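# Structural overview
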Amino acid sequence: MDWHFRSRSHQCNDCETAFVDEQPYRTILFQGFESLERRDICPDCWDKIYKTEPGKIEGYISHWQGIYEMPPPPPPEAIQKDNAETLLKKMIEQNNPEHTEACFILAVMLERKRVIKNKDQVRQENGKRMLIYEHAKNGDVLTILDPALKLDELGDVQAKVSELLEHGLNPSDGESKPIVTVTDES
Ligand SMILES: [Zn+2]
């Protein structure tokens, strides 16, 4: 489990009060039993339970404050070409180690465009650096493994990312052939 994706809650994970537009909340990121987890906490619960010692939660990794934004209505269903953001989300969901480098490059691109913000970075037990990002608008948390690319590897990875952006993650592999309709001539 090198990278993860955790969406922001729409309610406090302690008292279950729904968040309202533009209210502050806190996010605590921690290593759960099987995977990385987050708790989104309203200010009341934060003051009562966590404020004095946020790190007491088991597996604690990081925490920060955010402002909840009401999600916009879902966009109309449309076939869209992947952009850096959708491509990164797909790759994180696939969790394929082959895409570690590409995920990292995409995250750097998106950070430069201020689509995502770097919140923290933690050193894993294997010595590798894990970068924690939050989506600037919807509050989703992404964790990205730093592949510690060497300068002479950068070009290849960037070329691969450009190709993925151009052709998508899963280019048609010829498996789904169109059904041929036979006209009845009798
Ligand atoms: Zn609460």
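Everything here concerns the structure above.
Now for a look at the structure at hand.

Calculation rules
- Residues numbered from 1 in each chain as written.
- Predicted model: local features only at pLDDT ≥ 70, side-chain atom pairs only at ≥ 80, totals over all residues.
- Heavy atoms only, no water.
- Helix = DSSP H or I, 4+ residues; strand = E, 2+ residues; numbered from the N terminus.
- Buried < 20%, exposed > 50% of the residue type's maximum accessible area, 1.4 Å probe, protein only.
- Contact = heavy atoms within 4.5 Å.
- Areas by Shrake-Rupley, 256 points an atom, 1.4 Å probe, with all protein chains shown as cover.
- Core = buried A, V, L, I, M, F, W, Y, C linked by side-chain atoms within 4.5 Å.
- Phe/Tyr/Trp six-rings, centres within 6.5 Å; stacked < 30°, edge-to-face > 60°.
- Salt bridge = Lys/Arg side-chain N within 4 Å of Asp/Glu carboxyl O.
- Expected span 1.5 Å × (residues − 1).
- Donors = N, O, S within 2.8 Å, 3.2 Å for Na, K, Ca; no water.
- Tetrahedral: all angles 85-135°; square planar, octahedral: opposite > 155°, others 65-115°.
- Pairing = 2+ DSSP bridges.
- Axes fitted to C-alpha atoms, helices over the stretch in contact; angles between N-to-C directions.

Looking only at helices and strands, one finds 4 helices and 7 strands in the chain. When the helices and strands of the chain are read in sequence order from the N terminus, they spell out β-β-β-α-β-α-α-β-β-β-α. A burial count over the chain gives 36% of its 186 residues as buried. Intrachain contacts of the chain at a sequence separation of at least 6 include 62% that bridge at least 24 residues. Taken as a whole, the chain presents about 12,300 Å² of accessible surface, with 49% of it coming from carbon and sulfur.

Attention shifts here to the nonpolar core. Counting residues in each nonpolar core, the largest one holds 23 residues, and the members touching the most others are Leu88, Met91 and Ile144. Elements with a minimum of two residues in this core: helix H2 (84-94), helix H3 (100-112), strand S6 (129-135), strand S7 (141-145) and helix H4 (151-167). In terms of residue count, the dominant contributor to this core is H3 (7 residues). Dropping the residues within four chain positions of it, Leu88 is found in contact with Cys103, Leu106, Ala107, Leu110, Leu142 and Ile144.

In the structure shown here, the tally under the stated rule is 3 aromatic pairs. An angle of 25 degrees between the planes, with centres 6.1 Å apart, marks the rings of Trp46 and Tyr50 as stacked. Linking Trp46 with Tyr50, this pair stays in helix H1 (residues 43-50), spanning 4 residues, or about one helical turn. Note on Trp46: relative accessible area 5%, which makes it buried. Aromatic rings pair up to connect Phe19, Tyr25 and Tyr68 into one cluster.

Let's shift gears to the pattern of salt bridges. A full pass over the atoms with the stated rule returns 6 salt bridges. Two residues, Glu37 and Arg6, come together in a salt bridge whose shortest N-O distance is 3.7 Å. Within this pair, whereas Glu37 is found in strand S3 (residues 36-41), its partner Arg6 is found in strand S1 (residues 4-6), the two being separated by 31 residues in sequence. Relative accessible area serves as the criterion here: at 24%, Arg6 is assigned to the partly exposed category.

Here we take up H3. The terminal C-alpha atoms of H3 lie 19 Å apart, and with 13 residues this matches the ideal 18 Å at 1.5 Å per residue to within 8%. For H3, the set of buried residues is Thr100, Ala102, Cys103, Phe104, Ile105, Leu106, Ala107 and Leu110. Taken from the residues just after H3, Arg114 is the one with a positive phi, measuring 65 degrees.

Turning next to the coordination of the zinc ion. At this site the zinc ion is bound by Cys12 (SG), Cys15 (SG), Cys42 (SG) and Cys45 (SG), with donor distances of 2.3 Å. For the zinc ion, the 4 donor atoms are set out with angles of 106 to 112 degrees between them, so the coordination reads as tetrahedral. By relative accessible area, Cys15 is classed as partly exposed at 35%.

Before going further, it helps to examine the sheet that holds S6. Across the sheet, 4 strands lie side by side as S1-S7-S6-S5; this open sheet has antiparallel pairing. The outermost strands of the open sheet, each flanked by one partner alone, are S1 and strand S5 (116-123). Here the average twist between neighbouring strands, direction ignored, is 20 degrees. Across 5 bridges, S6 lies against S7 in antiparallel orientation. Bridge assignment links Tyr133 to a residue of S7, and that residue is Leu142. Here H2 sits on the sheet in contact with S1, S6 and S7, set at roughly 75 degrees to S7. The strands touched by H3 are S5, S6 and S7; relative to S7, the strand with the most contacts, the crossing angle is about 130 degrees.

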